[in-house]
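Architecture at a glance
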Amino acid sequence: IEATLQVWREQGESIVFTNGVFDILHAGHVTYLKGARELGSRLIVGVNSDASVRMLGKGPERPINDEASRKLVLEALRSVDVAVVFSSQTPMDLIAQIRPNVLVKGGDYDPQVDSENDKRYIVGSREVLEYGGKVTVIPFLEGHSTTAIIEKSRSKD
């Protein structure tokens, strides 16, 4: 990714970064990623590895799709330039490596929260702001979630 970042920077590209599990891709994800891409000229998505998804406590059956499959699906989207799998519990190391112009998260996060103990805190926000980048939240598309899809698939209705 280093060589790609160097080329993009030399070309004056604005790099946007977001991250997530993106287990079962749905309209909420696609809308979110499209919105993230509109904040710059290149979008890099950090994808939680299978092990890091388990660390997040999403449930014993998660992820449904393995990390290679999730990465492949994300990179097929027009709005995503590169997807990078990361194994740590947070994407902090990846954010430090990429140094995005814009850091983006979904609607359950708050860029005003500065306590790392608050679940609304955006990992990397402090560092991105320190070097002059922006931190943005994109609202959720109501009625779309991986958890709801999984629950619906289990119901007998």
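Our subject is the structure that appears above.
Presented here is an overview of the structure given in this document. (Residues numbered from 1 in each chain as written. Predicted model: local features only at pLDDT ≥ 70, side-chain atom pairs only at ≥ 80, totals over all residues. Heavy atoms only, no water.)

**Let's talk about unusual backbone geometry**
For the bond from Arg62 to Pro63, the omega torsion is 0 degrees, close enough to zero to count as cis. Among the secondary structure elements, Pro63 is positioned in the loop between α3 (50–55) and α4 (67–75). Of note in the backbone geometry, Phe22 takes a positive phi value of approximately 50 degrees without being a glycine. Mapping Phe22 onto the fold places it in the loop between β1 (15–20) and α2 (27–37). For Phe22, a relative accessible area of 7% corresponds to the buried category. The backbone of Arg99 shows a phi angle near 50 degrees, a positive value even though the residue is not glycine. As for its position among the elements, Arg99 is in the loop between α5 (92–98) and β4 (102–106). With relative accessibility at 45%, the residue Arg99 sits in the partly exposed group. (Helix = DSSP H or I, 4+ residues; strand = E, 2+ residues; numbered from the N terminus. Buried < 20%, exposed > 50% of the residue type's maximum accessible area, 1.4 Å probe, protein only.)

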